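Report on the structure
Chain by chain, the residues:
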Amino acid sequence: MNQLNSIKLEFPARSVNEGFARAAAAAFAVQLDPTLDELGDIKTAVSEAVTNAIVHAYPDTLGTVQLRLRHLEGNVLEIVVRDRGVGIPDVDRAMEPLFSTGGEDRSGMGFTIMGSFTDKLRVKSAPGKGTTVTMRKRIAAKVRR
């Protein structure tokens with residue numbers, strides 16, 4: 001798929017920056033003319049991915065989170081959230097609903113939510129090297145009258 005436009009942001013893995021990432025993704029996605037529901041899906045998926053990076057990637061240090069957004073042909077939004085944190089030793093297990101390493105206050109539904117609000121979800125991770133979450137969401141064409 002050809003890229004029509006893109007942005008890349010990097011910010012400290014602080015919880016206050018989750019809202020910034022949501023807003024930035026929504027602002028970028030507007031060029032694809034999403035419905036309010038589609039925009040909500042994008043914001044939710046970004047929120048989950050960024051929150052996972054903030055909570056799980058850097059348990060003992062303050063690292064960075066990278067957000068990359070690409071407008072691809074076919075009215076597809078690609079969202080990539082990357083950290084260089086501790087990584088995930090078993091991605092398949094981590095993607096199981098209700099599995100969490102974040103303690104009792106975490107639902108373990110992050111990857112499930114990301115997958116349900118996007119059309120495609122891919123997670124790559126290596127212990128000690130970090131995690132990259134790639135999501136794609138096709139924005140429906142509008143009927144013009």
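Here, every reference points to the structure presented above.
Read on for an overview of the structure. (Residues numbered from 1 in each chain as written. Predicted model: local features only at pLDDT ≥ 70, side-chain atom pairs only at ≥ 80, totals over all residues. Heavy atoms only, no water.)

Observations regarding the pattern of salt bridges
A side chain of one charge can pair with a side chain of the opposite charge if their charged atoms are brought near each other. Across all of its chains, the model carries five salt bridges by this definition. In this structure, arginine 70 engages glutamate 78 in a salt bridge whose closest nitrogen and oxygen atoms are separated by 2.7 Å. Residue arginine 70 is classed as buried on the basis of its relative accessible area, which comes to 19%. Relative accessible area serves as the criterion here: at 4%, glutamate 78 is assigned to the buried category. The closest approach of N and O atoms between glutamate 78 and arginine 136, which form a salt bridge, is 3.0 Å. Linking glutamate 78 in strand 3 (residues 76-83) with arginine 136 in strand 5 (residues 130-138), this pair joins segments that are 58 residues apart in sequence. Classification of arginine 136 by relative accessible area gives partly exposed; the value is 23%. (Salt bridge = Lys/Arg side-chain N within 4 Å of Asp/Glu carboxyl O. Buried < 20%, exposed > 50% of the residue type's maximum accessible area, 1.4 Å probe, protein only. Helix = DSSP H or I, 4+ residues; strand = E, 2+ residues; numbered from the N terminus.)

Let's talk about the environment of methionine 1
Looking at the element boundaries, methionine 1 is found in the segment before strand 1 (3-12). Taking the C-alpha atoms as reference, methionine 1 lies 9.1 Å from valine 76; in sequence the two are 75 residues apart.

Considering the packing of aromatic side chains
Summed over all chains, the structure comprises one aromatic pair. Here phenylalanine 11 and phenylalanine 20 contribute two aromatic rings whose centre-to-centre distance is 6.1 Å and whose plane-to-plane angle is 85°, an arrangement assigned as edge-to-face. Since its relative accessible area comes to 5%, phenylalanine 11 is described here as buried. (Phe/Tyr/Trp six-rings, centres within 6.5 Å; stacked < 30°, edge-to-face > 60°.)

Quick look at the pairing of strand 2 (residues 64-72)
Most of strand 2 sits out of view: seven of its nine residues are buried. Summarising the sheet, strand 1 and strand 2 pair through nine bridges and their orientation is antiparallel. Following the sheet pairing, leucine 9 is matched in strand 2 by leucine 67. Sheet topology note: the strand 2/strand 3 ladder contains eight bridges and is antiparallel. (Pairing = 2+ DSSP bridges.)

Overview of the pairing of strand 4 (residues 120-126)
In this sheet, strand 5 lies alongside strand 4 in antiparallel orientation, the contact comprising seven bridges. By the bridge assignment for strand 5, alanine 126 is matched with glycine 130. Count of turn residues in the strand 4/strand 5 antiparallel hairpin: three residues, of which glycine 128 carries a positive phi of about 80°.

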